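Spelled out from the first residue to the last, the chains are:
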Amino acid sequence: MLRRAAPAVAVLLLAAAGTAGPAGAARADDVRTAQEPVLRTLDLPNAWRTSRGENVTVAVLDSGVDAAHRDLTGSVVRGRDFTRGANPPGVAPARLHGTYMASLIAGHGHGPGGADGVVGVAPEAEVLSVRVILEDEEPGFQRFNTAARFENVVARGVRYAVDHGADVINMSISKELATKEERAAVRYAISKGVVLVAAAGNDGGRESAGTGYAPYSYPAAFPGVVSVAAADRRLRRASFSNRNPSVLLAAPGVDVLGAGPGDEYWVGRGTSQAAALVSGVAALIKAKYPRMSPALVAQALTAGATRRPSGGYDTGLGFGVVNASRALAEAARIHRHTLTAGAGAVQDPARPVGRAAGPVQVVRRDRDRINLYGGIAGAAGLGAAASLAVLAVSARAVRRRRTALPVPDGADALTAPGGGARPAPDGGEGAVPDGADTRAVPDGADTRAVPGGGEA
């Protein structure tokens, strides 16, 4: 079965304007007020003077997006559902995790001037929803997780998004094993100029005693993909966020508010949320400089980061916490440059493009070798990247909620350092039956909605 991480999550309940709820009456603009810390951290008011994501398409490879949510209406194109047939006939997708991520990227709010509800990082961007995962509450979850027909849905979803006009692809999904089909899809996307952003994973508590690192998470650990860690309220690495040399930069990932299906609002923590915020910043850059290569967009993101670690880089926060205004300023400086070699690489911000070349500083991933082997990926320990808690806009009952991540698939798997997959002991949670084929799932953690704002 699929394994879930479970950082503690505080639950906040709000009611719609004029309606009493467990936390008392809430004004319509309470949602936007709750967003302000994240908006300030990313310096979005200044960034929006330069770009708001116009004419950019961000593909959200996830569990589906509720296009009818009032903060997303008119901004969502429903693409292909690669999970079709997993759920029984007549069962509609839950679309919770995907809606949440889409709102952080391209929510435009509602009401006069769009001043109420969730505003995303790139509020004028378009979302292409590509369903590649089921949430574990859906009745078809087990079938999706074991049936061979759903192999390589993430790889197919990436190619579909590229071929249908995506400028940025957000993948708030995660797994420990990679496949050659996924690697090929990543190469294809980068060759077409598409920026790929993925969650670094929520396995920060599973650091190896030998390396000091958490397991690598895919697709985030593929070369050329912007791997995003989660920062806490004090802009330090969140305890659950994966720490390893794949991490490129960080974004807020604790108590991040977003939209849910049915005009609800959710707050939670995870590298899923952090990745969605960085995807939004990438969309701002591509809107202003549509011809910038993925490597130069990544360069702008890292060079513009704040809270840079001592020494310029560490495996917890990467090159620092993303800042939209500074990233756009860096993009303005370098957008005319081209790269003739190593197009999938990210340059050290201390030696940006255009300066005289100097000694190349090599950052070693770790002391272990990554082993390439053939065959079916047996047991795949899945990381987590999004805990959810509900902010209900109605008085409806609060229910239990959780999210998850993508899963491996197929032959030629690339393992995390130190060997293969990690089944849970004695067949516990995380163990995969012999011959089972694990599949992509929502990126996340176990979240319980607790009346009165308590902790699960």
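Conventions and cut-offs
- Residues numbered from 1 in each chain as written.
- Predicted model: local features only at pLDDT ≥ 70, side-chain atom pairs only at ≥ 80, totals over all residues.
- Heavy atoms only, no water.
- Axes fitted to C-alpha atoms, helices over the stretch in contact; angles between N-to-C directions.
- Helix = DSSP H or I, 4+ residues; strand = E, 2+ residues; numbered from the N terminus.
- Left-handed = near helix turned anticlockwise from the far one by under 90°.
- Contact = heavy atoms within 4.5 Å.
- Nonpolar A, V, L, I, M, F, W, Y, C, P; charged D, E, K, R; others polar.
- Phe/Tyr/Trp six-rings, centres within 6.5 Å; stacked < 30°, edge-to-face > 60°.
- Buried < 20%, exposed > 50% of the residue type's maximum accessible area, 1.4 Å probe, protein only.
- Pairing = 2+ DSSP bridges.
- Expected span 1.5 Å × (residues − 1).
- Arc of directions from axis to C-beta.
- Polar contact = N/O pair within 3.5 Å; in protein donor to acceptor, adjacent residues only side chain to side chain.
- Parallel < 35°, antiparallel > 145°, perpendicular 65-115°, else oblique.
- Core = buried A, V, L, I, M, F, W, Y, C linked by side-chain atoms within 4.5 Å.
- pLDDT = per-residue confidence, 0-100.

### Concerning the packing of helix 7 (residues 271-288) against helix 8 (residues 294-303)
Then comes step 1: Interaxial distance between helix 7 and helix 8 falls to 10 Å at its minimum, and their mutual angle equals 115 degrees. Two packed elements cross with a definite hand, and for helix 7 against helix 8 that hand is right-handed. Touching V278, V281, A282, I285 and K286 of helix 7 are V297, A300 and L301, all from helix 8.
Then comes step 2: Across the contact of helix 7 with helix 8, the residue classes break down as seven nonpolar, no polar and one charged.

### Focus on the packing of aromatic side chains
Then comes step 1: Going through the model one piece at a time under the given rule, you end up with four aromatic pairs.
Then comes step 2: Ring geometry for F82 versus Y160: centroids 5.8 Å apart, planes at 85 degrees, classification edge-to-face. In this pair, F82 is assigned in the loop between strand 2 (76-81) and helix 3 (96-106) and Y160 in helix 5 (residues 153-163), connecting sequence segments 78 residues apart. Just as F82 is buried, Y160 falls in that class too.

### With respect to unusual backbone geometry
Then comes step 1: Geometrically, the link from Y218 to P219 is a cis peptide bond, its omega value of 15 degrees lying close to zero.
Then comes step 2: Its location among the elements puts P219 in the loop between strand 7 (195-199) and strand 8 (226-231).
Then comes step 3: Positive phi values are uncommon outside glycine, yet L235 reaches one of about 60 degrees.

### Digging into the sheet that holds strand 9 (residues 249-252)
Then comes step 1: Strand order in the open sheet made by the seven strands is 2-5-1-6-7-8-9, with parallel pairing throughout. Strands at the two margins of the open sheet, each flanked by one partner only, are strand 2 and strand 9. On average, adjacent strands in this sheet sit at an angle of 25 degrees to one another, irrespective of strand direction.
Then comes step 2: Pairing between strand 6 (residues 168-171) and strand 7: four bridges, direction parallel.

### Let's talk about helix 6 (residues 180-191)
Then comes step 1: The terminal C-alpha atoms of helix 6, which comprises 12 residues, lie 16 Å apart, in line with the 16 Å expected from a rise of 1.5 Å per residue.
Then comes step 2: Those residues of helix 6 lying buried are E182, R183, A185, V186, A189 and I190. On an axial view of helix 6, the arc spanned by its buried residues comes to 160 degrees, and they lie on one face. Across helix 6 from its buried face, at more than 90 degrees, point the exposed residues R187 and S191.
Then comes step 3: The first or second residue beyond helix 6 is G193, which carries a positive phi of 85 degrees.

### So, the side chain of N170
Then comes step 1: Positionally, N170 belongs in strand 6.
Then comes step 2: According to the relative accessible area criterion, N170 is buried, its value standing at 0%.
Then comes step 3: Filtering out sequence-adjacent residues up to four positions away, N170 remains in contact with V58, A59, V60, L61, M101, I105, V197, A275, A276 and S279.

### Observations concerning the environment of R326
Then comes step 1: For R326, the position within the fold is in helix 9 (residues 324-334).
Then comes step 2: Judged by relative accessible area, R326 falls into the partly exposed class, the value being 42%.
Then comes step 3: Each C-alpha atom of the pair R326 and T302 lies 9.6 Å from the other, and the pair is 24 residues apart in sequence.
Then comes step 4: In terms of polar contacts, R326 uses its side chain to reach the backbone carbonyl oxygen of A305, at 3.5 Å.

### Re the packing of helix 5 against helix 6
Then comes step 1: The interhelical angle for the contact between helix 5 and helix 6, taken along N-to-C directions, is 15 degrees, at an axis separation of 8 Å. Overall, the two elements helix 5 and helix 6 adopt an arrangement that is roughly parallel. The two elements helix 5 and helix 6 cross, and the hand of that crossing is left-handed. The segment helix 5 lies against helix 6, with V154, A155, V158, R159, V162 and D163 engaging E181, E182, A184, A185, Y188 and A189.

### Digging into the nonpolar core
Then comes step 1: Core analysis: the biggest nonpolar cluster contains 62 residues, and L44, V226, V228, L284, I285 and L301 have the highest contact counts within it.
Then comes step 2: Ignoring any residue separated from it by four or fewer positions in sequence, one finds L44 in contact with L39, V121, L284 and A324.
Then comes step 3: Listed in part, the 37 residues of the second largest apolar core include V130, A166, L196 and Y216.

### Observations regarding the confidence of the model for the chain
Then comes step 1: Averaged over every residue, the pLDDT of the chain is 76; residues scoring 70 or more account for 68%.
Then comes step 2: Ignoring residues within four places in sequence, the model shows residues 340-345, a span with pLDDT below 50, making four contacts including any to other chains.

### So, the side chain of D71
Then comes step 1: With respect to the element layout, D71 can be found in the loop between strand 1 (57-62) and strand 2.
Then comes step 2: There is a polar contact of 2.6 Å between the side chain of D71 and the side chain of H110.
Then comes step 3: Ignoring sequence-local partners within four residues, the contact set of D71 consists of G107, H108, G109, H110, D116, G117, V118 and Y265.

### Remarks on the pairing of strand 8
Within a regular beta strand, the side chains point alternately toward one face of the sheet and then the other, so they alternate between its two faces.
Then comes step 1: Counting buried residues along strand 8, six of its six residues qualify, which places the element largely inside the surrounding structure.
Then comes step 2: What you see with strand 8 is no split at all: V226, V228 and A230 on one side and S227, A229 and A231 on the other are buried throughout.
Then comes step 3: One ladder, built from three bridges, connects strand 7 with strand 8; its direction is parallel. If you follow V197 over to strand 8, its bridge partner there is V226.
Then comes step 4: Two strands pair when backbone bridges link them, and strand 8 and strand 9 are joined in this way by four bridges, in the parallel orientation. Looking across to strand 9, one finds that V228 is bridged to L249.

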